[in-house]
Structure formats: C-alpha cells, structure tokens
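This is what each chain is made of:
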Amino acid sequence: MSSITALGLVLLCVMVLVGGKQGWRSFLSLLLNFGFLFFAIVLIELHVPPMFVTITTGVIILAITIFMGEDDLRTTVTAFYSSLIVLALLIFLIVFISHWAMVQGFGAEDSDDLEGMSILIGISYLKVSVTAIVISTLGAIAEAAMAISAGLTEILETHPQISNSRLIEGGMGIGRQIIGTTLNTLFFGFFGGFLSLFIWFAGLHYSFGMIFNNKIFVAELIEILISFLGVLLTVPITSLVMVRRRNLLVDKSTETK
Amino acid sequence: MNSKIWSDCIKEVKSVSILQLSRPKKYLLVGMIIFGVLALIFVTHNQSLYQRPIAQVVSVSNGQAQRTEDEFKNVDHQTEQVLSTRLMNGKDRGKKVTVQNTYSDSQPLDQQYRVGNQLFLSQLKEKDGKLSANPAGLKRDTVVVFLSWLVIMILLVTMGRAGGFALISVVINTILFLLAVSIDLHNQGSHVLLIFSTLALIFTIVSLLLVLGPTKKMLATLGATVAGTTVAILIGVLVLQLTNNRGVYYESMQYVTQVPRPLFIAEILLGSLGAVMDESSDIVATLFELKRIDPQVSRLQLFMSGRSVGKSIMGPLVNVLFLIFMADTFTSSLLYLKNGNSWGYTFNMNMSLGMVQSLISGIGIVLAVPVVSLLGALLLGRRSNK
C-alpha cells in the first residue's frame, strides 16, 4: 500500500470517528475537490480557455466545499451566493495584478527542476497562473462565508425583528471575531510552503531588493495577499447578501398571505 | 422589485457606513491614503537604492514571430525584441541602453516587455560608446507595495482593532520566521525539526496571546493546538515509516538546499498550525459561551457540543489547506502533462508531497476536535466543582 493511500485511510477513519456522517461527507468533499482540480489541469492541457476553466472549477469547488460542509440551507445558500460575488470581484483583481506583476510560469530558481523539459507549451502561463491563484483562495472564501452566514442565521433565529443595519453590524462583528484566526490559518498555510524557498534565499544571501522583485517570491506573496483580501471582502458581502435574502423571504411570506 | 430591495440595501449600507466611519475611522482612512500615496511615490522612485542596474523601456521594435514545435507537438511562437531603454540608476544614469530580448507566446521563463516597463539588467557593457545589456526580470516591488497597502487599508478600516491585532500578529510571526530561518542556516540544517517545532510553539503562544489575551481560554486553546498537531505529526511519520514512504517523492520537493525529509515534516507542522489554532479557538469560544449561559452544564454536554461545533468546521478547514497546497502544483503539473507524461507520473512528481501534507494536516485538524472538547470540558467542569 502506498503512503498516500494509508494516510488517506487514516484520515477517513478519524473523520468518521469524530464527525460521523458529516465526517464522511467532509472526506468526500476533499476527494471531489481533488478530482475537479486535476480535471481542471487536464482541461487546460487540452487547450480549453483557462478563464473558462477558472470560472467553472471555481464555482464547482465553492459549491462542493459549502454544500457538503453544512446542512442548513439558509446558511449554505447565502454563503454560496456571497462567495460567488467575491469570486467574481477577485478574478478581476487577480487578472489586473498578474498582468502587472508578470509572475507566471517559473523562476530562475526552478531551472534545476526544468532540466530536460520542453517549457514552450503553447499555453499562456499568465492565464494559468490566474487559475492557480483563484483556486488557492477558494477554500478561504468558502470558509469565511460559511462562518459569517452561520452566525447571521443564528442572529436571525434569536432576533427575527432585528433591523437590517443591526444585522450588517452583527455580520461585521462576527468578522472581527474570526479575522485574527482566519488570517493566521492562511499565513501559516502559505508559510509552510515558503520554508524551503526562504532557506534558499537566506542561504544564498539574497538582498531585500532581490527578494521583493523575485518572480517566485512575489507570486507567493500575491497569493497570500489576495486570499487575505478575499476573506476581508467576504465579511461585508455575506452580510449584505443575508440582508437581501431575508427581505426576499419576508416579501414572499407576505405576498402569499 | 429587485431594484427596490437593492436600493433599500444600499441605503442601509450607507447609513451603517456613515455610522461606522466615526471621526477616528475617517482620520485612519485619510492617513492610510496619504501613507499609500507616499509609499507608492517612494517605491516608484527608489531605483538609486538598488545596486543592480534598472532601466525603463522607451521604445520597442518586435521582430517576426518564429514558429517552434517540440517532440510532443506543442506549438509555440518566439519573437525577438529590441528594447531601447534609459538607465535609471548608477553612474550612467540617463544614458540609453539597447536590450535584446526573446519572448514566447506562453512566456514561462521569458516575458514580453512593453513601453514604460522598468526592468533589471544584467551584463551591462559598453561597445563603441553604445551600452547594451540583457534583461534580468521586471521590477516588481511596486506591485508588492500596492497590494500590501490595499490589504492593510481594507483590514484596518473594516475590522478596526481586531484588524490591527491580526496585522501585528502577522508581522511578529514573519519576523520570528525569518529569525528561525537564519538560526537554521547557522546550524547548517541540522536540528531542523527541533528549531521549527520550537518556532511553532512560540508562534502559537504569540498568535493566541494576541487574539485571545492571557486568559484561561488561551491556555485551553494552546493545549489543544499543541496536542492535536503533535499527535497528527507522530501518526503521519509512523504511517510514512510503516509504508516505507512508498509513493512519496522527496526528490520532487522544490528549492531544497538541505536534507528534504525533516524539512518537509517542518513544512507540514507550520502549514497545519494556523488551521488547528483557528478551529480550537472557535470550539473553546463556544464552550465558554455555553458555560456562561448555563453554569451547571455537565462535562459530557460540553464535550458533545464541542464535538458538534468542530464537526462542521473541520471539513471546510481541511479544504482551505488542501487548496492552498495543491494550487501551488498547478503550473508544474500542466508542464508535466504537456511533456507527454502519464497522469500517474505527473501526480507522483508534482502532487504527492502536497497530498501527504494535506492529509497529515487534515488528520491534525480532525484530531484537535476531540482533544479541545475534552480539555475545555475538563477545565470548565473543574471550575464548577469549586
């Protein structure tokens, strides 16, 4: 048995032991996300336009992460809509930033790994890098949207008459509670992968100027900052979507009467 | 109908934002904008601080695109560019330099330069009074400064004090991280695991102190984070040993200058730390809230509610890390597929390490749920017996 299969089985066991049916679903969502991620690479390999792949894969991964993570439809549908809005905003920002920074493809530090490879593959690495950055932020957006939306659903349940502005304030309040730990999650998640690169930089005595203009470093930094921004945008947008959906629900119930 | 709802919505937002943009917030916003403009002016005029020559592209003449095709039938086009540029630093500042550049359609290592771009030069030499050089990469510090400024401004303006603390925690952790890297280099890469697990412990204490303050909550979260992460790493290492690391290709690890295996374990440790902390602090917060509402709550009840909170957080959190780890392998996987490799080989050489990292982190995130629920239940239960 390969190590990955064994570790996967261990993860499945602890997930089911701790989470029961929900644990099983979490494991399944991980598997599906992996499947769609790999499928996205294969689609780009077959010259499907990367932007099309980005948008469809983005929407699918968001849907899997959100709808398989929770049961309450009020929470999940709100979280899904708001994460879609954030995704749309981020795609514009990412396209703008990556055309400015030009951090696609590989850096000089990658040349060992590229030996013997034919790197001129006829597909724009710039477009591919947009896809990669978008995918790296999806989890963070989905998680934040679910946390805010679940909190707001609870507020609405205990105070159904709360005014819209109070509800938005409530959403921002929940945002303030989660922002510290959420940024930590992203920071450590990315810095874990940074470790060997930083040892490389420090070992070869790169200057500050070299690091802040280095293709690989800037690419990683853009990923972190865009994820932070995704979480920050998710907080007010989820609150707004909740206000709007609440109005729709109220209108519907009065119309039918 | 919809537009009415939206306009209501916008009205609400306006009233809220006017409420929220109290005087200090307005000052903060104005201050941040001034700071941002100053930072951008600095970073667009800092060429003299660089040792390496920097030049700005004045005009470009592109040659004819040449078709290339490799043995895997990948078709691309290469174009020669002659850039006339003006030096922006050094003793020859202001002089014209001619730069030869070749770029392809896909732009993996090369790139197309346009008028106005600022780039670093290498092999700057003078021949017959004319300067020529090779391109050595775009000047990218302006993007870094702009994006950092944008994030910090939105963080502080929307999140206030909480945003400030989050920012301080990120800055302190970055400094600690750099310190640990230099200690590691000092030891020539021996004791990697010792250095970075100490670092992980300090990271956890600092971040939790900043988010929660020196409270009982913080101690419970700290205990759970340390226990959950340690057990997960131990299980991970044990499974890797038992299966003889079959299917794990350490040689595919990128940018390695030291023994890869301990470095990889250290990466897993650091990578999962934030997520485990995030989850533990959420669960602990819920348990303390339950205790506040009902001081008579039993240990079993506390444990069960901790578990039910954790159950719904763990799935999304595992996915957050998984997508971060795997997105990094996207470009190189595509390259492997385009070089005629099979799906299996591409997975092994690019994604196997990311997968192992995701799985071990996932085990840590899941195991932290019962650990933190138990710790919280015991801690709060003992208090009620007094």
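The rules behind each value
Residues numbered from 1 in each chain as written. Chains lettered and ligands numbered in written order. Predicted model: local features only at pLDDT ≥ 70, side-chain atom pairs only at ≥ 80, totals over all residues. Heavy atoms only, no water. Helix = DSSP H or I, 4+ residues; strand = E, 2+ residues; numbered from the N terminus. Rg over C-alpha atoms; globule rule 2.2 N^0.38 Å. Buried < 20%, exposed > 50% of the residue type's maximum accessible area, 1.4 Å probe, protein only. Contact = heavy atoms within 4.5 Å. Areas by Shrake-Rupley, 256 points an atom, 1.4 Å probe, with all protein chains shown as cover. pLDDT = per-residue confidence, 0-100. Patch = residues over 30% accessible without salt bridge, like charges linked within 9 Å, V, L, I, M, F, W, Y side chains within 5 Å. Salt bridge = Lys/Arg side-chain N within 4 Å of Asp/Glu carboxyl O. Core = buried A, V, L, I, M, F, W, Y, C linked by side-chain atoms within 4.5 Å. Phe/Tyr/Trp six-rings, centres within 6.5 Å; stacked < 30°, edge-to-face > 60°. Lys NZ or Arg CZ within 6 Å of the ring centre and 35° of its normal. Axes fitted to C-alpha atoms, helices over the stretch in contact; angles between N-to-C directions. Parallel < 35°, antiparallel > 145°, perpendicular 65-115°, else oblique. Nonpolar A, V, L, I, M, F, W, Y, C, P; charged D, E, K, R; others polar. Polar contact = N/O pair within 3.5 Å; in protein donor to acceptor, adjacent residues only side chain to side chain.

K.L.:
Go over the overall build of chain B with me, naming the residues and quoting the values.
P.N.:
A tally of regular secondary structure across chain B gives nine helices and six strands. Over its C-alpha trace chain B gives a radius of gyration of 27 Å, far above what one expects of a compact globule, namely 21 Å for 386 residues. A buried classification covers 50% of the 386 residues belonging to chain B. In chain B, once contacts between residues fewer than 6 apart in sequence are set aside, the share between residues at least 24 apart is 66%. Summed over all atoms, the accessible surface of chain B reaches about 18100 Å², with 62% contributed by carbon and sulfur.

K.L.:
Describe in detail unusual backbone geometry, supporting the description with residues and values.
P.N.:
Residues and elements named next belong to chain B. For histidine 191, which is not glycine, the phi dihedral falls at a positive 60 degrees. Relative to the helices and strands, histidine 191 resides in the loop between helix H3 (141–186) and helix H4 (192–212). The phi angle at tyrosine 255 is positive, at roughly 55 degrees, despite the residue not being glycine. As for its placement among the helices and strands, tyrosine 255 is situated in the loop between helix H5 (216–242) and helix H6 (260–293).

K.L.:
Please set out the environment of Lys291(B) residue by residue, giving values where relevant.
P.N.:
Within the secondary structure, Lys291(B) is located in helix H6. Along the backbone, Lys291(B) and Ser169(B) are 122 residues apart, and their C-alpha atoms lie at a distance of 29 Å.

K.L.:
Can you break down the confidence of the model for chain A residue by residue, with the values?
P.N.:
Residues and elements named next belong to chain A. When pLDDT is averaged along chain A, the result is 91, and 96% of the positions lie at 70 or above. The lowest-confidence element of chain A is helix H8 (residues 215–256), averaging 84 in pLDDT; the highest-confidence one is helix H2 (residues 50–67), averaging 96. In the model, residues 252–257 has pLDDT below 50 throughout and makes zero contacts with residues more than four positions away in sequence or in other chains.

K.L.:
A description of a nonpolar patch on the surface should follow, citing residues and the corresponding values.
P.N.:
Nonpolar side chains collect at one region of the surface, where Val30(B), Ile33(B), Ile34(B), Val37(B), Leu38(B) and Ile41(B) lie side by side and expose about 530 Å² of accessible area between them. Relative to the assigned elements, Leu38(B) resides in helix H2 (residues 23–44).

K.L.:
Lay out the nonpolar core with the relevant residues and their values.
P.N.:
The biggest cluster of nonpolar side chains holds 189 residues, and the ones touching the most others in it are Leu11(A), Leu195(A), Ile222(A), Phe177(B) and Phe196(B). In terms of residue count, helix H6 (residues 164–203) of chain A provides more of this core than any other element does, 19 residues in total. Ignoring anything within four residues of it in the chain, the contact list for Ile222(A) reads Ile97(A), Ala101(A), Val103(A), Ile133(A), Val143(B) and Leu147(B). Judged by nonpolar contacts, the second largest core, of 14 residues, contains Val57(B), Leu83(B), Ala133(B) and Leu138(B).

K.L.:
So what's going on with the pattern of salt bridges? Which residues, and what values?
P.N.:
Where charged atoms from two side chains of opposite charge come close, those side chains can pair. Counted according to the given criterion, the structure contains seven salt bridges over all chains. The residue Glu169(A) makes a salt bridge to Arg166(A) at a minimum N-O spacing of 3.3 Å. Taken together, the residues span about one helical turn, with Glu169(A) and Arg166(A) both in helix H6 at a distance of three residues. The exposure class assigned to Glu169(A) is partly exposed, which follows from its relative accessible area of 28%. The closest approach of N and O atoms between Asp141(B) and Lys139(B), which form a salt bridge, is 3.0 Å. Its relative accessible area of 8% is what places Lys139(B) among the buried residues.

K.L.:
Tell me about the confidence of the model for chain B, residues and numbers included.
P.N.:
Counting all residues, the mean pLDDT for chain B is 89, and 93% of those residues have values of 70 or more. Least confident of the elements in chain B is helix H1 (residues 2–20) of chain B, whose mean pLDDT is 53; most confident is helix H8 (residues 330–338) of chain B, at 95.

K.L.:
Go over the packing of aromatic side chains with me, naming the residues and quoting the values.
P.N.:
Scanning all chains against the criterion turns up 28 aromatic pairs over all chains. Seen in terms of ring centroids, Phe106(A) and Tyr125(A) are 5.6 Å apart; in terms of plane orientation they differ by 70 degrees. Their pairing is edge-to-face. With Phe106(A) in the loop between helix H3 (73–101) and helix H4 (111–114) and Tyr125(A) in helix H5 (residues 125–158), the pair connects residues that are 19 residues apart, well separated along the chain. The burial state of Phe106(A) is the same as that of Tyr125(A); both residues are buried. Geometry around Phe120(B) places Arg52(B) over its ring, the cationic atom sitting 4.1 Å from the centre.

K.L.:
Any details on the packing of H2(B) against H3(B)? Residues and values, ideally.
P.N.:
Working note: a packed helix pair is described by the angle between its axes plus the distance between those axes. Residues and elements named next belong to chain B. Across the interface, H2 lies against H3 with an axial gap of 10 Å and an inter-helix angle of 175 degrees. Regarding the angle of H2 to H3, the classification is roughly antiparallel. Contacts between H2 and H3 involve Lys25, Leu28, Leu29, Met32, Ile33, Phe35, Gly36, Ala39, Leu40, Val43 and Thr44 on the former and, on the latter, Asp141, Thr142, Val145, Phe146, Trp149, Ile152, Met153, Leu156, Val157 and Gly160. Broken down by class, the residue content of the contact of H2 with H3 amounts to 15 nonpolar, four polar and two charged.

K.L.:
Lay out the side chain of Thr181(A) with the relevant residues and their values.
P.N.:
All names here are of chain A. In this fold, threonine 181 is placed in helix H6. Accessibility expressed as a relative area gives 5% for threonine 181, which makes it buried. Here the side chain of threonine 181 touches isoleucine 178 through a polar contact of 3.2 Å, landing on its backbone oxygen.

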